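Okay, here's what each chain looks like letter by letter:
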Amino acid sequence: MVVVLATLVIVAPFVEADFDPPGQPAVQVNVYFIGMSLSEDMDDGANGYADIIGTYKVTHSGHSTKDGKIDMFYYDWDTLKGQNGYIKKRLLYSHKECSPLKPITVEVSMEEHNTIFSNTQLGSGSITVTKPGVYEIKLDKGKALIEVKVTPAVLYSEKCSYFYDQPSSYASSLVSSSGGYIYDWQLANMINMWIANRTGYANMVFIFNQCFGGGMIDDLKEKLKGTGDAAFLSASKHDEPAWGLADGYTPASWPEMGKRGFKKPEGYYPKEVGEELARTGKDAPTMKEIAKRAEQQDSRGPYGLGFKETPQYTSIGNGDSIKIGKKADGSDVASKHAILFAGDANRRRHWNNLQRMYDALKKQGFTDGDIIVLAGDGKTTPWGSSVPNYVDGLGTKKALYEAIVNVSKKMNKNEQLVFWVSDHGNRERIELSMLKDIVDPVKIPVPPKKTAKSPEQISWDLDEEFLEVLRMSPDNQPYVSILVEATPEVMEYGEKMFGNVVLYVNGKRLELAFVEPIIAYDGEPDLDAFELVYYVDEGILGEENLVEVGWSGDPEMFIKYSITGLMISTGGVNEFEYPGDEDVPRYEPTLFDRLRDYVDVYNENLEEMPGFIGMLAGNERIALEIALDNGSVLNIGIVTSDGRITEFSEGKLEDPTLRVWTDESTVNAILDSDDPAGSAFYALKRGHIRYSGVGTIKKLRVAGVKVIVRIYRIAEVIGDIVG
C-alpha cells in the first residue's frame, strides 16, 4: 500500500488527458527511464562508479510533449561489465487517453558527470514505440533503457466513445427458433413503422446480448433519430462474439467467477446489466450509468479478466438520462412495456439471462401483462423441463413481429418500451437494393453493387474478422441468400420458380434450404421480397468469393425475376463460452502451482523493487530445491534476464549459476504472510534459506556483502513474488 500511495504521489503531477474515440479501454500511459548499459568503463576514479546524468524529451503523437532532466545515477562497471544496470524507475511522462496507444517518441542525451574535468558525452538517441514494453535506445557509448507501461483507466472510461458504427457493407441479425433471421434493417423498419411513426413513445431502451449485437444498433439509431429519446446497449461490437459461461459451470469449478457473483451459467454482460437494472428508488441508475458500470464490471470486457468483448452504448435525444419507469426529465411514464426475445435458446445461460432480466423488470414494477416473453419453442427447454410460466410463445420471427405490432397498440408519447435480446447472432456481408435483373436462364455472376475492393470487381469480399469467427464457432451454419423481388409474376409462380433458382459460390452449387418472406424492407408493412437461403460449407468461403445465379429447370419455363439484395452470413453464432466444471479439473494447487501463479505478478511489479535488483540479480540460472513435508524434493528452475523471470519450470535445471535450498514450511510461511518480504528476510537470516554460487567466480561474488543483499533479493523472487 505504501508503494501504491508513493506511486500516486509521484504520478499525479504529470497526468494529462486526451480522450479521442473510438477506443475502449481508456488507458493511462506512463513512460519511465529504468537504467542503462555502458560499452566501456566510464569510472572517473572518484567513487568507483560512472556518475551518469542526462536529459529527455517525450513526444506523444497528437497529444503533448514533455522534456526535463534525468538526475544522477550510478553504473558499476566492475559488476556489470556492459550488462544492463537498473535504477529505481524515473517517471518521464504520464498521460490518459483512449485506446489504441498513439505513437510515442522518446529522445535521451546522456553524459558521465565529472566534478573536475568536462563531462564525457555518452551520446544521444531516440526511439518511437506504439505498444507497451521495455526498449533500448542506442547511444554512442551504451544503451539507455526505457519502459512504456499502459494500464486501464477505468474511471475515465466514459470519456471514450462507446460505439463502433457498423460498415454499410455488413449487417447483423437475430436467430429465431424457426430458422428465419431478423436483420438489423428489418427490426429498425418495424420499430420505426409501428411505433415511432404511428403512436410515438416517451422513450425506448434496446439491450442486445448476443454475438455481433452492436451491429443491431446503427440501423435503429438512424431510423429513430429525431423521433424521441432512446438508449442502445450491447454486449459486443458489430464484429465481435459475446461471451458467457458454459452449461456445466458451478462456483466451485471456477472460484474466480464465483467471487464475481456468478452462481450459475450466465452471459457476462447480461448479468451485469441485469444487476444494474434491478436497482430501484434513489439507487436507480440512468441508462448511461448502467452501460458504464456494465462495461467496467464485464468479466470479459475491456477492464475484466481477459479482454474478449467490447460493450457498446449510444443514444439519441436525451437517451442518456432514461431510467426504468421514467422519462428523461425524471417524471413518470404512464406505463411500461417490454419485449424479451431469446429465439433459439439452446444453452442454460440463455434461460438464466432471461430469468435475471424478467426478475429485474418485476422488481421495477412491471406486471406479467406488461412483458411479452418469446423464447425457444415456447414449451420446453433443451433439457426437457417446461419453460417458465411467464413465457408467452415461440421465439420465431413471426412471433416477434406480431409482438411489436401488439405493443404498438399500447404505445403513445407517455409510454416506455424495453426491448431485450439474448441468444445467437449472425453477421452478414450485405448489399441491398441491387436491382439485378435476371432475364434468361444462363448462369450469371451477381456482382457487388459498390462495396467491392476494386472497380469492376465481381467477387464478394469478406473481412478477416468475419472469416475468423466463421471458423471459430463449431455450431454455426453459414449461408448465402438472395432477395428476390416480390413481383406479381414471382408471387404467382412461387414455389415452382424458387425450386429452380440455383446458387453457385466459387463454382460450388448450393441447394435451396428454405424461403423466407421479407416484410419491413421499406416503410410499409407489406410483402416486399422473398429471401432464398442456401447453406454453404464454410470451407468454400474465402476473402474473395464469386457468387453466381442459375436456372435448373426447363429453360422454356424460365421466369424473369430481379435480385434486390445478397447476403453472405456467418450463420447463428452462439455466444462463446468459458468452460464449466466438466471441462475444468478440480484440484488443490500444489506448492509449485502457488509459486508459478505469482511469477507474472513479480514481473509486473519489478519496477517497485530497488534498482539494484536488476543490476545484481539480472541474469541468473537458479536451481531451487525445496524439501517437501512428505520427504520428497521439489526441484524448480528459475531463469532471470534483466531482473525478470523468463523461465519457471518444475524439474532440475542444467548449468545453474546459483543454488538455493529451503523447505516447504518456510515457503508456505512466506506465501501466507501479511509481510512476505519481511518473512523472506527473516528466513534468510535464520538460515532457513541457504544459497551457494556455482563456480569459483560466482562463489567469490556470493561471499561479498553486496551478494548478501543480492541473495536476499533472489529470496524475494522465490518467496516474495507476491509483489
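See the structure printed just above.
About the criteria used
Residues numbered from 1 in each chain as written. Predicted model: local features only at pLDDT ≥ 70, side-chain atom pairs only at ≥ 80, totals over all residues. Heavy atoms only, no water. Pairing = 2+ DSSP bridges. Helix = DSSP H or I, 4+ residues; strand = E, 2+ residues; numbered from the N terminus. Axes fitted to C-alpha atoms, helices over the stretch in contact; angles between N-to-C directions. Contact = heavy atoms within 4.5 Å. Salt bridge = Lys/Arg side-chain N within 4 Å of Asp/Glu carboxyl O. Buried < 20%, exposed > 50% of the residue type's maximum accessible area, 1.4 Å probe, protein only. Polar contact = N/O pair within 3.5 Å; in protein donor to acceptor, adjacent residues only side chain to side chain. Parallel < 35°, antiparallel > 145°, perpendicular 65-115°, else oblique. Left-handed = near helix turned anticlockwise from the far one by under 90°. Nonpolar A, V, L, I, M, F, W, Y, C, P; charged D, E, K, R; others polar. Lys, Arg positive; Asp, Glu negative; His and termini not counted. Patch = residues over 30% accessible without salt bridge, like charges linked within 9 Å, V, L, I, M, F, W, Y side chains within 5 Å. Areas by Shrake-Rupley, 256 points an atom, 1.4 Å probe, with all protein chains shown as cover. Charge placed at Lys NZ, Arg CZ, Asp CG, Glu CD.

S.K.: How would you sum up the sheet that holds strand 19 (residues 425-438)? Please name residues and give values.
M.R.: Taken together, the 7 strands give an open sheet; going across it, the order is 11-10-19-28-22-26-25, and neighbouring strands pair in antiparallel fashion. Edge positions in the open sheet fall to strand 11 (181-183) and strand 25 (512-519), since each of these has one partner strand only. Pairs of neighbouring strands in the sheet enclose a mean axial angle of 30°, with direction left out of account. Summarising the sheet, strand 10 (residues 170-175) and strand 11 pair through 3 bridges and their orientation is antiparallel. Across the sheet, residue Ser173 finds its bridge partner in strand 11, namely Tyr183. Its contacts with the sheet put helix 11 (residues 488-498) on strand 22 (479-485), strand 25, strand 26 (527-535) and strand 28 (561-569), and the angle it makes with strand 26 is roughly 5°.

S.K.: Please give an account of the pattern of salt bridges that cites residues and values.
M.R.: Summed over all chains, the structure comprises 20 salt bridges. Ionic pairing is found between Lys89 and Glu147, a salt bridge with its closest N-O pair at 2.5 Å. Residue Lys89 is located in strand 5 (residues 85-99), and its partner Glu147 is located in strand 9 (residues 142-152); the two are separated by 58 residues in the primary sequence. For the pair Lys89 and Glu147, a shared accessibility class is recorded, and that class is buried. A salt bridge links Lys271 to Glu272, with the nearest nitrogen and oxygen atoms 3.4 Å apart. Put simply, Arg347, Arg349, Asp475 and Glu577 are held in one network by salt bridges that share partners.

S.K.: Requested: an account of the sheet that holds strand 4 (residues 65-75), with residues and values cited.
M.R.: The strand order across the open sheet built from 4 strands is 4-3-6-7, with neighbouring strands paired in antiparallel fashion. Either end of the sheet is taken by a strand with one partner, and the two such strands are strand 4 and strand 7 (120-129). Strand-to-strand, the axes of this sheet are offset by a mean angle of 15°, without reference to chain direction. With 9 bridges joining them, strand 3 (residues 50-60) and strand 4 adopt antiparallel strand pairing. Residue pairing in the sheet places Thr55 in a bridge with Lys69 of strand 4.

S.K.: Summarise the side chain of Ser64; cite the residues concerned and give the values.
M.R.: Mapped onto the elements, Ser64 comes out in the loop between strand 3 and strand 4. What makes Ser64 buried here is its relative accessible area of 13%. Of the polar contacts made by the side chain of Ser64, one reaches the side chain of Tyr93; its length is 3.1 Å.

S.K.: Give me the packing of helix 6 (residues 268-277) against helix 7 (residues 287-297): which residues, what numbers.
M.R.: It is at 9 Å that the axes of helix 6 and helix 7 come closest, and there the two elements cross at 140°. Comparing the axis directions of helix 6 and helix 7 gives the class oblique. The crossing of helix 6 and helix 7 is right-handed. Contacts from Tyr269, Glu272, Val273, Glu276 and Leu277 of helix 6 reach helix 7 at Met287, Ile290, Arg293, Ala294 and Gln297. Grouping the constituent residues of the contact of helix 6 with helix 7 by class yields 6 nonpolar, 1 polar and 3 charged.

S.K.: Describe the pairing of strand 10, naming the residues involved and giving the relevant values.
M.R.: When you tally the buried positions in strand 10, you get 6 out of 6 residues, the bulk of the element. Side-chain alternation along strand 10 places Tyr170, Ser172 and Leu174 on one buried face and Ala171, Ser173 and Val175 on a second face that is also buried. By the bridge criterion, 5 bridges tie strand 10 to strand 19 in an arrangement that is antiparallel. Across the sheet, the residue bridging to Ser173 is Asn426, located in strand 19. Counting the residues between successive antiparallel strands, the hairpin from strand 10 to strand 11 contains 5 residues, one of them, Gly179, with a positive phi of roughly 95°.

S.K.: An account of the side chain of Glu531 is requested, with residue identities and associated values reported.
M.R.: When you line up the elements, Glu531 lands in strand 26. Among buried Asp, Glu, Lys and Arg side chains, Glu531 stands out as unpaired, with Lys397 the closest opposite charge at 4.8 Å. Side chain to side chain, Glu531 and Tyr183 meet in a polar contact 2.4 Å long. Of note is the side chain of Glu531, whose polar atom sits 2.8 Å from the side chain of Ser481. The contact partners of Glu531, leaving out residues within four places of it in the chain, are Tyr183, Tyr479, Ser481, Ile482, Leu483, Phe514, Val515, Glu516, Ile518 and Met567.

S.K.: Lay out unusual backbone geometry in plain terms, naming residues and giving numbers.
M.R.: Geometrically, the link from Ser99 to Pro100 is a cis peptide bond, its omega value of -5° lying close to zero. For Pro100, the position within the fold is in the loop between strand 5 and strand 6 (104-112). Of note, the phi angle at Phe212 is positive, near 60°, even though the residue is not glycine. Its place among the elements puts Phe212 in the loop between strand 12 (203-208) and helix 4 (217-224). On the basis of relative accessibility, which here comes to 1%, the residue Phe212 falls in the buried class. One non-glycine residue, Asp655, lies in the positive phi region at around 50°. With respect to the helices and strands, the residue Asp655 is situated in the loop between strand 32 (644-650) and strand 33 (658-663).

S.K.: Run through a negative patch on the surface, naming residues and quoting values.
M.R.: On the surface, a cluster of negative charge is contributed by Glu464, Glu465, Glu468, Glu543 and Glu544. Among the structural elements, Glu464 can be located in helix 10 (residues 464-472).

S.K.: Got a sec to walk through the packing of helix 3 (residues 184-196) against helix 9 (residues 397-408)? Specific residues and values, please.
M.R.: Following both chains from N to C, one finds helix 3 and helix 9 inclined at 25°, their axes separated by 9 Å at the closest point. Classified by the interaxial angle, the pair formed by helix 3 and helix 9 is roughly parallel. Considering the relative orientation of helix 3 and helix 9, their crossing is right-handed. Across the interface between the two elements, Gln186, Leu187, Met190, Ile191, Trp194 and Ile195 of helix 3 pack against Lys397, Tyr401, Ile404, Val405 and Ser408 of helix 9. Classifying every residue of the contact of helix 3 with helix 9 by side-chain character gives 8 nonpolar, 2 polar and 1 charged.

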